[in-house]
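Structural overview
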Amino acid sequence: MFLGDGMSIPTLAAARTLLGQRENHTGEESHLFFETFPTIGLAKTYCVDSQIPDSACTATAYLCGVKANRGTLGVTAEVPRWDCPASVDTSSHLESIAAWALADGRDAGIVTTARVTHASPAGAYANIANRDWENDAEVRADQHDPELCRDIAYQLVHTYPGNQFKVILGGGRREFLPNDVVDEEGTTGRRLDGRHLIEEWQMDKIMRNVSYQYVWNREQLLSVDNDLPDYLLGLFEASHLQYNLQANNYTEPTLAELTETAIRSLSRNKKGFFLFVEGGRIDHAHHENQVELALDETIELSKAVNRAAELLSEDDSLIVVTSDHAHVMSFNGYTHRGGDILGPSDGIGDDGIPYMTLSYTNGPGYRPYVDNHRVDVTSEENYRDLNWRSHAEIPLASETHGGEDVAVFAWGPQNTMFSGMYEQNQIPHLMAYAACIGPGRQACSSATTNALTAVLLTPLLLLIRNMLK
Ligand SMILES: [Zn+2]
């Protein structure tokens, strides 16, 4: 499963246009790799208590199959956000499709360009009342007992199903280290409980007598490819991975490289695997109104999906690509064919002032009016700088998510099930059905039933035919 965090439908259209324009075409006719998949559907993203969701309740929906409250992960809507005591009752805990896969003898893993403890990947393994409790200091800061409500990093290392993941690749070292330990790149840990969870993860593998490796840079990642351990933990940044366009190419692997290592590792299990891959920074760039970064991160996700499709067979591997929620970037005006997707619209506002083809309803890109006039952002000479903020109408420190549907693209066995419009929490049930795992009806069991019916009916039909002779 591939997730573009915040990859709204206008983001797809703008990203494919940028991709085409980078190749010196007009652009609009281009396509992201997964846009060629045979089946496309639409998912409704609202959560139990929110019209417009966040990445935590949506992760609970598309990984655990149940809608929940905003900000919560892997717990039912009986648990309000921040309610540690309510989340202790295990009857509120949900299992993810990663756990369903493990229960069937398959393997599971997570890959993300965000922190591995961030909301989207945490949906695969955490049961927690607040997505921000990524380390014990955050639990304490909200006046809760971290022994009672274990933080997300602790859960990944020490509790099921995270402690069984064969591959964990992303960012977030600071959540795993004590506040008196400095990581490989000079950032201090955030934990107050003194735990060094990277060492504890390794100790756990030693105790279980399995091979393991911890890596923290691209070179190490590429070298393990030749001799893959049973368990691989890669944490490439203290927080999120850098944006692809701003990354240090020596220390930072691309999402496609991370995906390839994960698939090579997990493919060793003959029964198969569930892998979650997140392009986590599309969302962050949108929140900053930094549109080129958001589009480039979308193109990076497309490359990762392409790599996966090269490594896997359409006959036995289902690939689902979707997003958790939309954003409020709009693709607007009446620009001519081939117009710079990152440039000005051909149109002029009724106030006589030009505007950009891509802009936002809200966010930090708001410019105060000058002499009662909207600022002409198209005259800002640095508008092609990566850190330039697109125009936003409403001032907000962080741009908001959008409430519209997200696209779902499917390739491989049972892909046609993903057509149509449905609730986001149906997605893992469909994937589980196709994979013959999980608690619900399964493609394999109904196939078995059909085969059984045929076996039982054949003698009966023969008997009837003989009687009619
Ligand atoms: Zn967001």
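Residues numbered from 1 in each chain as written. Predicted model: local features only at pLDDT ≥ 70, side-chain atom pairs only at ≥ 80, totals over all residues. Heavy atoms only, no water.

**Observations concerning the state of the cysteines**
Think of a disulfide as a covalent bridge from one cysteine sulfur atom to another cysteine sulfur atom. Counted under the stated rule, the structure contains two disulfides. One disulfide bridge connects Cys47 with Cys57, the sulfur atoms lying 2.1 Å from each other. Taking the torsion about the sulfur-sulfur bond, which here is approximately 90°, the covalent link between Cys47 and Cys57 counts as right-handed. On the criterion of sequence distance, the pair formed by Cys47 in the loop between strand 2 (39-44) and helix 2 (55-64) and Cys57 in helix 2 is long-range, its members being 10 residues apart. On the basis of relative accessibility, which here comes to 3%, the residue Cys47 falls in the buried class. (Disulfide = S-S within 2.5 Å. Helix = DSSP H or I, 4+ residues; strand = E, 2+ residues; numbered from the N terminus. Buried < 20%, exposed > 50% of the residue type's maximum accessible area, 1.4 Å probe, protein only.)

**With respect to the sheet that holds strand 4 (residues 167-171)**
Ordered by their spatial adjacency, 10 strands build an open sheet running 5-6-4-3-7-1-8-16-2-17, and the pairing between neighbours is mixed. Every interior strand has two partners, whereas the edge strands, strand 5 (212-215) and strand 17 (420-423), have only one. For this sheet the average axis-to-axis angle between neighbouring strands, irrespective of direction, equals 15°. With three bridges joining them, strand 1 (residues 2-4) and strand 8 (residues 319-323) adopt parallel strand pairing. Bridge pairing links Leu3 to Thr322 in strand 8. (Pairing = 2+ DSSP bridges. Axes fitted to C-alpha atoms, helices over the stretch in contact; angles between N-to-C directions.)

**Observations regarding the layout of surface pockets**
A probe as big as a water molecule, rolled over the atoms, marks out the empty space that is left. Here the largest pocket defines a volume of roughly 660 Å³. If you trace the largest pocket, you find 28 residues lining it, with Gly272, Phe273, Asp316, Ser317 and Leu318 closest to the centre. Contributions of two or more residues to the lining of the largest pocket are made by helix 4 (97-103), helix 10 (255-266), strand 7 (273-279) and helix 13 (427-435). Taken together, the residues that form the lining of the largest pocket break down as 18 nonpolar, five polar and five charged. By volume, the second largest pocket is sized at about 320 Å³. By residue number, the principal contributor to the lining of the second largest pocket is helix 11 (residues 281-287), which donates three residues. For the lining of the second largest pocket, a count of residues per class yields two nonpolar, six polar and six charged. (1 Å grid on protein atoms, 1.4 Å probe; cavity = no way out; pocket = protein on both sides within 12 Å on 5 of 7 lines; lining within 4 Å. Points joined across faces, edges and corners; volume = space filled by probe spheres on them. Nonpolar A, V, L, I, M, F, W, Y, C, P; charged D, E, K, R; others polar.)

**A word on the domain arrangement of the protein**
When cut into domains, the protein gives domain 1 (2-328 + 400-438) and domain 2 (344-395). Taking the mean C-alpha position of each, domain 1 and domain 2 sit 33 Å from one another. Counting residues at the interface gives 14 residues for domain 1 and 15 residues for domain 2. In this assembly, domain 1 packs against domain 2 so that about 1300 Å² is buried in total across both faces, 45% of it on carbon and sulfur atoms. For the pair domain 1 and domain 2, the interface holds one salt bridge. (Domains from an automatic or database assignment. Contact = heavy atoms within 4.5 Å. Buried area = accessible area lost by both parts, 1.4 Å probe. Salt bridge = Lys/Arg side-chain N within 4 Å of Asp/Glu carboxyl O.)

**Focus on the packing of aromatic side chains**
One pass over the full model with this rule turns up seven aromatic pairs. Aromatic pair Phe33 and Phe37: ring centres 5.9 Å apart, planes at 85°, arrangement edge-to-face. On the basis of relative accessible area, Phe37 is assigned to the buried category, the value being 5%. Linked through ring pairs, Phe33, Phe37 and Trp411 together constitute an aromatic cluster. Lying over the aromatic face of Tyr231, Lys205 brings its terminal NZ or CZ to 4.9 Å of the ring centre. Arg281 extends its terminal NZ or CZ atom over the ring of Tyr243, reaching a point 3.9 Å from the ring centre. (Phe/Tyr/Trp six-rings, centres within 6.5 Å; stacked < 30°, edge-to-face > 60°. Lys NZ or Arg CZ within 6 Å of the ring centre and 35° of its normal.)

**Topic: the environment of Tyr334**
Considering the arrangement of structural elements, one finds Tyr334 in the loop between strand 10 (329-331) and strand 11 (344-348). By relative accessible area, which is 77% here, Tyr334 ends up exposed. Remark: the alpha-carbon pair of Tyr334 and Asp346, spanning 12 residues in sequence, is separated by 6.1 Å. If sequence neighbours within four positions are ignored, Tyr334 has contacts with Ser345 and Asp346.

**Description of the coordination of the zinc ion**
Protein coordination of the zinc ion is provided by Asp283 (OD), Asp283 (OD), His287 (NE2) and His401 (NE2), with donor distances spanning 2.0 to 2.4 Å. Every donor counted, the four donor atoms about the zinc ion form angles of 57 to 153° at the centre, which fits irregular coordination. Expressed as a motif, the donor residue spacing for the zinc ion is D-x3-H-x113-H. Of this pair, His287 sits in helix 11 while His401 sits in strand 15 (residues 401-402), placing them 114 residues apart in sequence. The exposure class of His401 is buried, given its relative accessible area of 13%. (Donors = N, O, S within 2.8 Å, 3.2 Å for Na, K, Ca; no water. Tetrahedral: all angles 85-135°; square planar, octahedral: opposite > 155°, others 65-115°.)

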